[in-house]
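Listed here are the chains, written in short residue letters.
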Amino acid sequence: MQAVRFVGVGRPPEIHDIPKPTPGPGQVLIKIGGAGVCHSDLHVMEEDFGFVPPFTLGHENAGWVAELGQGVTGLKEGDAVAVYGPWGCGRCHACQLSMENYCENWAQIEGFGGGLGLDGGMAEYMLVPSARLLVPLGDLPPAKAAPLSDAALTPYHAIKRALPNLHAGTTAVVIGVGGLGHMAIQLLRALAPVHIIAADIDDTKLEHAKKLGADDVVNNRHIDEAAERIQEITGPRGAALVLDCVGVQATMDLGVKLLGRNSLWTIVGLGGGRHDFRHGSTPYGTSVSIPYWGSRIELMEVIAMAREGRIHADVTEYPLSQAADVYSKLKSGQITGRAVLVPQ
Ligand SMILES: [Zn+2]
Ligand SMILES: [Zn+2]
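Residues numbered from 1 in each chain as written. Chains lettered and ligands numbered in written order. Predicted model: local features only at pLDDT ≥ 70, side-chain atom pairs only at ≥ 80, totals over all residues. Heavy atoms only, no water.

Visitor: Give a detailed account of the coordination of the zinc ion (ligand 1), specifying residues and quantitative values.
Guide: The coordination sphere of the zinc ion (ligand 1) contains the protein donors Cys38 (SG), His59 (NE2) and Asp150 (OD), at a distance range of 1.8 to 2.2 Å. Sequence positions of the residues that donate to the zinc ion (ligand 1) give the spacing C-x20-H-x90-D. You can see Cys38 sitting in the loop between strand S3 (28-36) and helix H1 (39-46) and its partner His59 sitting in the loop between strand S4 (55-56) and strand S5 (61-68), a full 21 residues away along the chain. You can call Cys38 buried: its relative accessible area is 4%. When its relative accessible area of 2% is taken as the criterion, His59 is described as buried. (Donors = N, O, S within 2.8 Å, 3.2 Å for Na, K, Ca; no water. Helix = DSSP H or I, 4+ residues; strand = E, 2+ residues; numbered from the N terminus. Buried < 20%, exposed > 50% of the residue type's maximum accessible area, 1.4 Å probe, protein only.)

Below is the structure:
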């Protein structure tokens, strides 16, 4: 079968022909309906995360059950499912709470999940090590639902933690209206009565943000001007939440200027920006966090929201064979919403 392979740091992905996997006891084979093209894959290919090549990329996956390994019950061939991405040990306290993203045994586990050290979903089929990692999609089409498992789940987890701060009269700022940001705006709209400001360096993405429910949009190509514009909107209270979906130095330098006292600064983008966290550098009472992905139960909640039409991923589908081209489009900011690779 065709698969998009990570072949080493500093090299573009390559399409290889690899054997179709067979599910062992407890495992499930998924026929892939779509695999999201995520910006973090660019970091995986360009920086050294310690992942050992080669493996199949794609950590945002959905499809249909194709074959059940011995002993698997509760699923049947043809069921539409999303694959929960962060694969933990399945046994520790965090995993038992469905928070495999915070598995206590992460250091002993090989890879972070399919597409992140282990074979992922940019292929015709994907082997999932346990049925517990599958969430039913009902009538959602897998190619449209694939981004829910990361682009929606990651901001959902971040926003859910922030909800007690997001009451009426407060402001949330979303920096970066890409795959995660375009979902974050919709999630905030659906979950909290906050004023939403979206910031991006691309006016097309800001128009998109408006359509998705942002109250104000600000171009942040020039950090000082953007900060001033946003401060005019928030007033002396500042933002209750700054959700940085980019995380580069420029967006972190912007973010810190926007925070109110007793606020939340949440960085989900992998841009590697730094902040000198000390008395005087950050408003009093600010909680800074770098949450990772989300829990399996949160994925169920995200899927339930999508099934009710409260959120949707703006998906553009591409054939698997165009993977390298789609990654370079993503890198140069030419993808609006989420690109999803679909096997032919
Ligand atoms: Zn991702
Ligand atoms: Zn665990």
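Having put the structure on the table, let's press on.
Visitor: Got a sec to walk through the coordination of the zinc ion (ligand 2)? Specific residues and values, please.
Guide: Every protein donor of the zinc ion (ligand 2) is accounted for by Cys89 (SG), Cys92 (SG), Cys95 (SG) and Cys103 (SG), and the metal-donor separations fall at 2.3 to 2.4 Å. Around the zinc ion (ligand 2), the four donor atoms are arranged such that angles at the metal cover 104 to 118 degrees; this shape is classified as tetrahedral. Motif for the zinc ion (ligand 2), donor spacing along one chain: C-x2-C-x2-C-x7-C. A relative accessible area of 13% places Cys89 in the buried class. (Tetrahedral: all angles 85-135°; square planar, octahedral: opposite > 155°, others 65-115°.)

Visitor: I'd like to hear about unusual backbone geometry, residue by residue, with values.
Guide: Backbone torsion omega between Pro53 and Pro54 reads -5 degrees, so that peptide bond is classified as cis. Tracing the sequence through the fold places Pro54 in the loop between H1 and S4. Although it is not a glycine, Trp293 adopts a positive phi angle of roughly 50 degrees. Along the polypeptide, Trp293 turns up in the loop between strand S16 (287-289) and helix H9 (296-307).

Visitor: So what's going on with the pattern of salt bridges? Residues and values would help.
Guide: Any two side chains of opposite charge can pair, given that their charged atoms come close. Scanning all chains against the criterion turns up 17 salt bridges. Across the pair Arg132 and Glu100 runs a salt bridge, and its minimum N-O distance is 2.6 Å. Note that Arg132 is positioned in the loop between strand S9 (125-128) and strand S10 (134-136) and Glu100 in the loop between helix H2 (93-96) and strand S7 (113-114), a separation of 32 residues in sequence. With relative accessibility at 3%, the residue Glu100 sits in the buried group. If you follow the salt bridges from partner to partner, you end up with Glu100, Arg132 and Arg296 in one network. (Salt bridge = Lys/Arg side-chain N within 4 Å of Asp/Glu carboxyl O.)

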